[in-house]
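Tertiary structure, described
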Amino acid sequence: MNSWRPSASIKVLQERASLLSEIRHFFAHRDVLEVETPVVSSSANPDAAINPMLSGFCSPGSHRSQALYLQTSPEFPMKRLLAAGSGSIFQICHAFRNGECGRLHNPEFTLLEWYRIDYDHLQLMDEVDALLMQLLHDSSSAAARHRYADLFLTHTGLDLFTAEYVQLCEKAEAVGVVIPESVQTEWLIEVLFELCVGPWLQQQKGVIVYDYPAAQASLSQLSALDPRVAERFEYFFEGVELANGFHELADADEQRRRFEAENLKRQRAGDEQLPLDEHFLQALEHGLPDCSGVALGVDRLLMLRCGVDQIQEVLAFPFERT
Amino acid sequence: MATYNTNEFRSGLKFMLDNDPYSIIENEFVKPGKGQAFSRVKIRNLKTGRVIEKTFKSGESVEAADVLETTLQYLYTDGEFWHFMDPQSFEQYAAGEAAIADAIKWIKEQDDCNVTLWNGNPLIVEAPNFVTLRITDTDPGLKGDTSGGGGKPATLETGAVIRVPLFVQIDEVVKVDTRSGEYVSRA
C-alpha cells in the first residue's frame, strides 16, 4: 500500500507555501495584523448546519476529561480581539467540521479569516476581489457582482421574496429534488440556488453574490435599507465557493437570539445542543467596533491555482490518510 | 423494511424511488459553507436502464431495494417466458422479454447468466461476457484467405448476426464478446 505517501505532489506543496507567503505579504502591506487564537474551546458555534468535532482535556492528576470542541472557524476569538481593540486582523488556521468529506471538503481544512474595522461588506468585497486577482493568476479582471435575488429570479424564474411554498416545491421537483416529508422554505431556496444557479456559476470566473436572504444571515447584519436581505456575500470562482463575508452583527442580544434559535433547530433535529461562547457574547456586550469579516478556503484556492479537481490533491495528507 | 440513510450512499447501493428499483452510479456530497448539506446522485433505473440525477436532503432515508445478483442457468423458452434455474437450490425463475432483451441473441440452453432478481423476479438477464456459438449460415468465401481483412456476415445458432473473418465456415464454433458483439476467435 502507498497510503503513507502524501496525496499532493511536492510541486503542489511548494505552490501552497508560496500562496501562504503571498497572502501574508498582501496583509502586511495593508497593515493588517496577523494573530493566532486557540483551536480548541469549551464552547462551540451552535449553527445547526455545522457540526463540531470533539476533543477533551484532563487537568493534571485528574482522569475526568472536560469536553472541548475543535473550532469550526476562528470567528469568536477573533471578534474578542476586535472588541479588545486589536484593530484589523487576519489569521491563517486549521478549522474542523464533522461529517464534511467529499470532492471539495476535508473535515480538517485551512481557513484564511480576516476582519476590517470600519469596513462595510461592500468595501470588504473590494478587498477580497483585490486579493483574489493577485492570487488567482488567470483572473486579471474584477469579479462580476450579482444580488442573490436577481440570480435566483434569472435562473429559477421565481421571485425569492414572493414565491409560494408550492411553487418552490414544484420547481425543486422539476430539477430532480426528492422533496422530504417536512421541508422548510429555507432549504428549498438553498437547494434551488445550488441546482439552478450553480451550473451557471461553474461557467463563470469570479462572481460575488451579495444581499443574501435574511434567513441565511448567519452572523451578518440585516440591511438597514431592505430587512429582507442580510449584508452577507460569497465569492465563487468557476462555481467553487471560496469565501463568505459579513458586515458583522454587533448586537449581543440579537446574537444570543440567533444562537438559541440554532440550538432549537438542533434539538428538533435530534442533535445535541451546544454550549454558547459566553466570552464572545460578553465581548459583544462590551462593544464590537463596526467591522466586516470574511473567511476564505485556502485549500480550494490552491485547487483553483493548480487547476486540480479534488481537494485531496492539494493536501499533504487528507483525512483518509491521517 | 430496510432503509438507507443518505450518509450510506455509495456507488452500487440499490434503493427504491417512485416504486422502481435504482442503483447508484455516482454520489456527490454538496455542502454550502453556511447552509445545509445534500447528496446529488446519478442513479440507474434497474427496470428501464435509464440514468437520471436526483438530489436528496442529507439525513433523509430511502427504502432499500430487495435486489440480488446471482448466477442462474438458462433452461428453455416457451415463447413468452425464458426459464432459468438456480443450480444450487434447483429453484426456477421465469424472465419476461423486457428482462432478457439484451441477452436474448447470445444465450443458448444450459448457459450460466448473471441475473438481477428484484423481489424474487428476474429484472435483468446478462449474457456471459464471452459465449461460444455454432455458425449456421455464412458465405463460403474464398479458399486460402487467412488475412481476415474485411470479413463477412455470419448467422449464429441463436439467430444473432456478427461479422467473422472470411476463412470461418458454416458449422464452425466461434467465441464472441457479447459486450461488443464482436468475433474473438475460433473456439
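So, a few notes on the structure that sits alongside this text. (Residues numbered from 1 in each chain as written. Chains lettered and ligands numbered in written order. Predicted model: local features only at pLDDT ≥ 70, side-chain atom pairs only at ≥ 80, totals over all residues. Heavy atoms only, no water.)

**Points about the overall build of chain A**
Definition in use: Only DSSP runs of H or I reaching four residues or more are called helices, and only runs of E reaching two or more are called strands; each is numbered from the N terminus. Our radius of gyration looks at C-alpha atoms and nothing else; its globule reference is 2.2 Å times the residue count to the power 0.38. Working definition: with a 1.4 Å probe on protein chains only, accessible area under 20% of the residue-type maximum means buried, over 50% means exposed, and in between means partly exposed. In this description, contact between two residues means that some pair of their heavy atoms is separated by no more than 4.5 Å. Note that His is not counted, nor are the chain ends; the positive residues are Lys and Arg, and the negative ones are Asp and Glu. Positions of charges follow a simple convention, taking NZ of Lys, CZ of Arg, CG of Asp or CD of Glu.
Counting its regular elements, chain A contains 9 helices and 11 strands. The C-alpha radius of gyration of chain A comes to 20 Å, within 12% of the 20 Å expected for a compact globule of 322 residues. Seen through its C-alpha atoms, chain A measures out along the principal axes to roughly 60 × 45 × 45 Å. For chain A, the proportion of its 322 residues judged to be buried stands at 51%. Sequence-distant contacts, at least 24 apart, represent 68% of the contacts inside chain A between residues at least 6 apart. Put simply, chain A has 26 plus and 47 minus side-chain charges, and the middle of one group is 4 Å from the middle of the other.

**Looking at the nonpolar core**
Soluble, globular proteins show a tendency: their nonpolar side chains are buried together. As a reminder, the rule being used: What is meant by a nonpolar core is a set of buried Ala, Val, Leu, Ile, Met, Phe, Trp, Tyr and Cys residues, joined one to another through side-chain atoms within 4.5 Å.
Phe-27, Leu-112, Trp-114 and Tyr-235 of chain A are the most contacted members of the largest nonpolar core, which totals 40 residues. It is helix H3 (residues 121–135) of chain A that provides the largest number of residues to this core, a total of 6 residues.

**Observations regarding the environment of Val-240 of chain A**
Residues and elements named next belong to chain A. You can see Val-240 is positioned in strand S10 (residues 240–247). It is 8.6 Å that separates the C-alpha atoms of Val-240 and Leu-304, two residues lying 64 residues apart in sequence. Non-local contacts of Val-240, meaning those with residues more than four positions away in its chain, are made with Leu-104, Tyr-235, Arg-300 and Leu-304.

**Focus on the interface of chain A and chain B**
What counts here: Accessible area, probed at 1.4 Å, shrinks when two parts are joined; the buried area is that loss added up over both. What makes a salt bridge here is a side-chain nitrogen of Lys or Arg within 4 Å of a carboxyl oxygen of Asp or Glu, nothing more. Between N or O atoms, a polar contact is any pair within 3.5 Å; within protein, one atom must be a potential hydrogen donor and the other a potential acceptor, and residues adjacent in sequence are included only when both atoms are from side chains.
Between chain A and chain B, the residue contacts involve 25 residues of the former and 19 residues of the latter. Counting each side, the surface lost to burial between chain A and chain B is near 2,000 Å², with a carbon and sulfur contribution of 55%. Seen at the junction of chain A and chain B, the total is 2 salt bridges. Between Glu-100 of chain A and Lys-31 of chain B there is a salt bridge, with the nearest N and O atoms lying 3.7 Å from each other. One can count 7 residue pairs in polar contact (both at pLDDT 80 or more) joining chain A with chain B. Residue assignment for the side of chain A that touches chain B shows that the elements contributing at least two residues are helix H6 (185–202) and S10 of chain A. Looking at the side of chain A that touches chain B, the element that brings in the most residues is H6 of chain A, giving 5 residues.

**Observations regarding the side chain of Asp-299 of chain A**
For Asp-299 of chain A, the location among the structural elements is in helix H9 (residues 298–306). When its relative accessible area of 2% is taken as the criterion, Asp-299 of chain A is described as buried.

**Considerations on the sheet that holds strand S7 (residues 67–77) of chain B**
Residue and element names in this part refer to chain B. Selection rule: For two strands to be treated as a pair, DSSP must find at least two bridges joining them. Where helices are involved, their axes are fitted lines through C-alpha atoms of the stretch in contact, as for all axes, and angles between N-to-C directions lie from 0 to 180°.
If you trace the 5 strands from one edge of the open sheet to the other, you get S9-S8-S7-S10-S11, paired in antiparallel fashion. Of all the strands in the sheet, just strand S9 (92–95) and strand S11 (121–126) have a single pairing partner and so form its edges. Across the sheet, the mean angle separating the axes of adjacent strands is 45° when strand polarity is ignored. Two strands pair when backbone bridges link them, and S7 and strand S10 (residues 112–118) are joined in this way by 7 bridges, in the antiparallel orientation. If you follow Leu-68 over to S10, its bridge partner there is Leu-117.

**A word on the pattern of salt bridges**
Residue and element names in this part refer to chain A. Overall, the coordinates contain 29 salt bridges over all chains when judged by the stated rule. The closest approach of N and O atoms between Arg-116 and Glu-127, which form a salt bridge, is 2.7 Å. Linking Arg-116 in strand S6 (residues 108–117) with Glu-127 in helix H3, this pair joins segments that are 11 residues apart in sequence. You'll find Arg-116 and Glu-127 in the same group, each marked buried. Connected through salt bridges with shared partners, the residues Glu-15, Glu-22 and Arg-305 form a single ionic network.

**A short note on the pairing of strand S15 (residues 173–177) of chain B**
Residues and elements named next belong to chain B. Pairing of strand S12 (residues 130–138) with S15, which is carried by 5 bridges, proceeds in the antiparallel orientation. Counted as the bridge partner of Phe-130 is Asp-177 from S15. Pairing between S15 and strand S16 (residues 182–186): 4 bridges, direction antiparallel. Bridging across to S16, Lys-175 finds its partner in Ser-185.

**Quick word on helix H2 (residues 75–83) of chain A**
Residues and elements named next belong to chain A. Within H2, 7 of the 9 residues are buried, which leaves the element mostly enclosed by the surrounding structure. Three or more residues of H2 are buried, namely Glu-75, Phe-76, Pro-77, Met-78, Lys-79, Leu-82 and Ala-83. Buried residues along H2 sit against strand S5 (89–96), S6, S10, helix H7 (252–268), helix H8 (278–286) and strand S11 (291–297). Two residues or fewer after H2 comes Gly-85, characterised by a positive phi angle close to 95°.

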